[in-house]
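A look at the structure
Listed below, chain by chain, are the residues.
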Amino acid sequence: MMLIRTVLVFAILVGLGFSSATAQQSSIIDAESGRTEYLRWFVGGYGGLGANLHSAQFGALPGYASCCDEFGSQLMLAPNAGLIIEFPLATDLRLQLRAGYTAQGGMLQRSEVIGNEPVLSDGPIPTTERRDVTVDHTLEAGLSMVTLEPTVDYNLTSGLWVSGGVRAGYLLDTDFSQSEKLISPDGYTFTNGSALRNEIAAGIPDPVSVQLAATAGVRYELPLSARATLSPEARYYLPLTAISSADWRVQSIYVGASVRVGIYTPNERRILRDTVIERDTILVYKIGLVADSLYLSESSSSEATTDEGDVRTVSTTITELWVRARPKPFSPSLAVDFRTRLSGNDQPLTTIRIQELDVVESYPLLPQIFFDSAATDIATTGQWVLTQEEAKKFIANDLQRDQLQVYSQLLNVIGSRMQRDPEAVLTILGTTDNVGAEKDNLGMAEARAASVRTYLRDVWGIPEQRLVVRKRLVPVNHANLESAEGRAENRRVELSSSSLTTFEPVEFRERDVIVTPATASLVPTVTNGEGITAWSAEIEQGGRILASASGRGVPTEPLAWESGQQETAPRTDKPVVGLLTVENVLGQSVTVADTATIDFVSMQLMKSMQEGGKRMERYSLIVFDYNSAELNPANRKVMDQVRSRIEPTSKVTILGFADRSGNPESNRNLARRRCMEAQKALGLSDDRVTIVPIGSDRLIYDNDTPIGRSYSRTVQIEVETPVRE
């Protein structure tokens, strides 16, 4: 016990001798990163000497002879070393675990005086004597073991720690050797002739391999660095188990030093987030807005990370570009102008001249009605069929001024004229194409003629005796029998009358105008078209629209105006106004205009000014059969009427036409012969007439129908007569 007290006092004095000694810090500041690192655990090692006090309350191990009563207590020194891992439980409390090597072996000795022991004298002749002898009993054992030592350490004061716990060890070496040696008197041996007896080398019988001991200790920490400490220390081990079944226990006092290195790691950095929004706003003006608007145009973000000690600052910078849009007034720069081409040059148009004319226009009657293949009902021919009540209101001069429209009323014109001329007798000749179902079919030809007769009799009230029905397989002047177009023309009813007035042209009289220039345009000019989404343009006179157009976007093309056409010509002396209107998406509009004045010259004004007006008369004569230039008697009468209208000052133009059958050159020659036949019938010399043989170069009617082809075999006569007082 004296030894234990001495060691403890030494350790305390050594510790107190270091005035700078401090306890291991629970946290440190890393010099490089500036971060606070926190103590997680310690690792290290220890080493020193153990003073092993053997309490051997036995004289011999079981099964082995010994003359010793007991060995008693003996002190032996042995090395101790191992590794340390230590965990902080609190600021002043730690859990320590040591794993190491400990030697508890030693030599047990005991001297004993044995009286009246038989011994041999060491002479030439050994003799047995009984003498009092002194002998040494020796028992030596290694008893090394590996240990695992958990303790709880408590910091009493700065740097001074006390600990308590247990130690578990596993014996690695359990061999022992034993002997008994004769020490005195000199010159004697045991009866075996040797100074040694009871020599044994064997394993300790009944060893306890796992050794347990309670431990208590003290140490003082001396800092070597911010992370490492050196601790002089002492520990006492109280055995809880014996070495073997004999009463053999080993107490130990360990004195040494330990080195600990603190393992420090930083906690996760505390993250501070900082968001900075940088906004910039620009002001723009936009067409098409109703009110101010604010919207995000661009947005971007960047992130910067700054580490300072235990804090990581994440700064997010958001950059935004906002646009404040304000309505921009809709004020496009635009203009519009009337223009025309004169002598090949584009020129401004400020005045339009209107000359008034008396016009007589006649539309001839084609005395033929065409049927579809195998058809006999006039309802399939395109003829306009009236009821009796409608027939009572029919007036030919109320018809539309269109040749084909007049033809569609052929039977109604004939019916009305036969009512006015009770002496007229109508011959109705039905024909076929003499092909297929119509081959040699006179009954079909008669049925076609009968359907015409029935209509004139039942609707127009023409007596049946004035309607003579005839039939033929094909017409006398038939078209091409081999072509589809020719056969379509041969399926017909031919009409002829005892009175030439029955088939006189339908004549229209009205006042017409000549407009100069005959063509014009409304030209837009846009120098600032921002915001324009749609446009419309129109030319009007007194609320009457003469031309119009519209479109999307900015107008770029002129508005063409056929000012000389009857439908689109100005009619009064009011100005002609050209309007251009543009709109934006909101429906806001801007309109610009240009005005052209009217120089209106009426017939009465021309007479008073003695400028001379004009009377225009146009005649179309269906006078020619297929591939023919001969006039029939009915058309000769029309020619007589035309001749009566021609005055010495009249200018006559004859235009000749043909259908598309044949080649263009042949058709022009045929048209020329037709013009010359008309000139001959009119009795005009070459210096009083202009002949224009057009042929089929310009088809004046649709040549896909037999009606259109028939009307194309014609001449048109234009008579222009000055009108004077």
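Residues numbered from 1 in each chain as written. Predicted model: local features only at pLDDT ≥ 70, side-chain atom pairs only at ≥ 80, totals over all residues. Heavy atoms only, no water.

1. Focus on the overall build of the protein
A tally of regular secondary structure across the protein gives ten helices and 36 strands. Taking the principal axes of its C-alpha atoms as reference, the protein extends roughly 205 × 70 × 50 Å. Within the protein, buried positions represent 43% of all 725 residues. Here the contacts in the protein between residues at least 6 apart in sequence split such that 74% fall between residues at least 24 apart. When the accessible area of the protein is evaluated, it comes to approximately 35900 Å², of which 52% is carbon and sulfur surface. Computing the positive centroid from 70 side-chain charges and the negative centroid from 90, the protein places the two 12 Å apart. (Helix = DSSP H or I, 4+ residues; strand = E, 2+ residues; numbered from the N terminus. Buried < 20%, exposed > 50% of the residue type's maximum accessible area, 1.4 Å probe, protein only. Contact = heavy atoms within 4.5 Å. Areas by Shrake-Rupley, 256 points an atom, 1.4 Å probe, with all protein chains shown as cover. Lys, Arg positive; Asp, Glu negative; His and termini not counted. Charge placed at Lys NZ, Arg CZ, Asp CG, Glu CD.)

2. Regarding the side chain of Ser163
Here Ser163 shows up in strand 8 (residues 160-171). For Ser163, the contacting residues outside a window of four places in its chain are Thr151, Val152, Asp153, Thr215, Ala216, Gly217 and Arg235.

3. Quick look at the packing of aromatic side chains
For the structure on display, the rule yields nine aromatic pairs. Centroid distance Phe58 to Phe71: 5.7 Å. Interplanar angle 70 degrees. Geometry classified as edge-to-face. Within this pair, whereas Phe58 is found in the loop between strand 2 (36-56) and strand 3 (72-90), its partner Phe71 is found in the loop between strand 2 and strand 3, the two being separated by 13 residues in sequence. Plain terms: the ring middles of Tyr363 and Phe508 are 5.5 Å apart, the flat faces sit at 75 degrees to each other, and that makes the pair edge-to-face. Of this pair, Tyr363 sits in strand 21 (residues 351-363) while Phe508 sits in strand 26 (residues 506-516), and the two are 145 residues apart along the sequence. Take Phe508: its relative accessible area is 7%, and that puts it in the buried class. A network of ring pairs unites the aromatic residues Phe58, Phe71 and Trp248 as a single cluster. A cation over a ring is seen here: Arg98 above Tyr46, with NZ or CZ 4.6 Å from the ring centre. The cationic tip of Arg167 hangs over the ring face of Tyr237; the distance from NZ or CZ to the ring centre is 4.1 Å. (Phe/Tyr/Trp six-rings, centres within 6.5 Å; stacked < 30°, edge-to-face > 60°. Lys NZ or Arg CZ within 6 Å of the ring centre and 35° of its normal.)

4. Notes on the pattern of salt bridges
Counting across every chain of the model gives 38 salt bridges. Across the pair Glu129 and Arg131 runs a salt bridge, and its minimum N-O distance is 3.8 Å. Classification of Glu129 by relative accessible area gives partly exposed; the value is 26%. The salt bridge partner of Asp599 is Arg353, with a shortest N-O separation of 2.9 Å. (Salt bridge = Lys/Arg side-chain N within 4 Å of Asp/Glu carboxyl O.)

5. A word on the sheet that holds strand 5 (residues 106-121)
Taking strand neighbours across the sheet as the criterion, the five strands line up as 10-5-6-9-11 in an open arrangement whose pairing is antiparallel. Since the sheet does not close on itself, it has two edges, and those belong to strand 10 (188-190) and strand 11 (196-203), each with one partner. Strand-to-strand twist in this sheet, taken as the mean axis angle between neighbours without regard to direction, amounts to 30 degrees. Pairing of strand 6 (residues 128-141) with strand 9 (residues 175-184) involves eight bridges; the strand directions are antiparallel. (Pairing = 2+ DSSP bridges. Axes fitted to C-alpha atoms, helices over the stretch in contact; angles between N-to-C directions.)

6. Section: a nonpolar patch on the surface
On the surface, Trp41, Val43, Phe87, Leu89, Leu95, Val152, Leu224, Leu230, Val259 and Val261 cluster together into a nonpolar patch covering about 760 Å² of accessible area. Residue assignment for the nonpolar patch shows that the elements contributing at least two residues are strand 2, strand 3 and strand 15 (248-266). Looking at the secondary structure, you find Val259 in strand 15. Using a relative accessible area of 34% as the deciding quantity, one classes Val259 as partly exposed. (Patch = residues over 30% accessible without salt bridge, like charges linked within 9 Å, V, L, I, M, F, W, Y side chains within 5 Å.)

7. Let's talk about the environment of Phe371
Tracing the chain through its elements places Phe371 in the loop between strand 22 (368-370) and helix 2 (388-392). Excluding residues within four positions of it along the chain, Phe371 makes contact with Thr376, Asp377, Ile378, Thr381, Arg448, Ser451, Arg491, Arg492 and Val493.

8. A few points about the confidence of the model for the protein
Predicted confidence across the protein gives a mean pLDDT of 86, with 94% of residues reaching 70 or more. Taken element by element, the predicted model of the protein shows its lowest mean pLDDT in helix 1 (residues 2-16) (45) and its highest in strand 23 (residues 426-430) (96). Under a pLDDT of 50 for its full length, residues 1-23 has, in the predicted model, 28 contacts with residues more than four places off or in other chains. (pLDDT = per-residue confidence, 0-100.)

9. Brief notes about the packing of helix 4 (residues 410-420) against helix 5 (residues 442-458)
Between helix 4 and helix 5, the shortest axis-to-axis distance is 10 Å and the interhelical angle comes to 50 degrees. Taken together, the axis directions place helix 4 and helix 5 in an arrangement best described as oblique. Here helix 4 runs over helix 5; the crossing is right-handed. Listed contacts from helix 5 to Leu411, Asn412 and Gly415 of helix 4 are Val452, Tyr455 and Leu456. Residues that form the contact of helix 4 with helix 5 fall into these classes: four nonpolar, two polar and no charged. (Parallel < 35°, antiparallel > 145°, perpendicular 65-115°, else oblique. Left-handed = near helix turned anticlockwise from the far one by under 90°. Nonpolar A, V, L, I, M, F, W, Y, C, P; charged D, E, K, R; others polar.)

10. Regarding the sheet that holds strand 18 (residues 311-327)
What holds strands together in a sheet is hydrogen bonding between their backbones, with the strands either parallel or antiparallel. Taken together, the three strands give an open sheet; going across it, the order is 16-18-17, and neighbouring strands pair in mixed fashion. Bordering the open sheet on either side are strand 16 (270-286) and strand 17 (293-308), each of which pairs with just one other strand. Averaged over neighbouring strand pairs, the angle between their axes works out to 15 degrees when direction is ignored. Alignment of strand 16 against strand 18, held across 17 bridges, turns out to be parallel. Note that in strand 18 the partner of Ile282 across the bridge is Val323.

11. Quick word on the nonpolar core
Nonpolar side chains in soluble globular proteins tend to end up buried together. Core analysis: the largest hydrophobic core is formed by 38 residues, its most contacted members being Leu426, Val452, Trp460 and Leu495. By residue number, the principal contributor to this core is helix 4, which donates five residues. When near neighbours in sequence (up to four residues on either side) are disregarded, Leu495 contacts Pro367, Ile369, Leu410, Leu411, Ile414, Leu426, Thr427, Ile428, Val452 and Phe503. (Core = buried A, V, L, I, M, F, W, Y, C linked by side-chain atoms within 4.5 Å.)

12. Quick notes on unusual backbone geometry
Most of the time, phi is negative for any residue but glycine, and the peptide bond is trans. Ser184 connects to Pro185 through a cis peptide bond whose omega is 5 degrees. With omega at 5 degrees, the peptide bond leading from Thr516 into Pro517 counts as cis. With respect to the helices, strands and loops of the structure, Pro517 is situated in the loop between strand 26 and strand 27 (520-528).

13. Overview of the environment of Leu120
When you line up the elements, Leu120 lands in strand 5. A relative accessible area of 15% means that Leu120 is categorised as buried. Along the chain, Leu120 and Leu699 lie 579 residues apart, while their C-alpha atoms are 172 Å from each other. Those residues in contact with Leu120 that lie beyond four places of it in its chain are Pro126, Thr127, Thr128, Gly187, Tyr188, Thr189, Phe190, Thr191 and Gly193.

14. As for the side chain of Ser252
With respect to the secondary-structure elements, Ser252 resides in strand 15. By relative accessible area, which is 3% here, Ser252 ends up buried. Separated by 3.3 Å, the side chains of Ser252 and Gln104 make a polar contact. Once residues lying within four places of it in the same chain are set aside, the contact partners of Ser252 are Ala51, Asn52, Gln104, Arg235, Tyr236 and Tyr237. (Polar contact = N/O pair within 3.5 Å; in protein donor to acceptor, adjacent residues only side chain to side chain.)

15. Structural notes on the packing of helix 8 (residues 633-645) against helix 9 (residues 664-682)
Where helix 8 meets helix 9, the closest approach of the two axes is 9 Å, and the angle between their N-to-C directions is 60 degrees. When you trace helix 8 past helix 9, the crossing you get is right-handed. From helix 8, Arg636, Met639, Val642 and Arg643 reach across to helix 9, where they touch Glu677, Ala678, Ala681 and Leu682. For the contact of helix 8 with helix 9, the residue count by class is five nonpolar, no polar and three charged.

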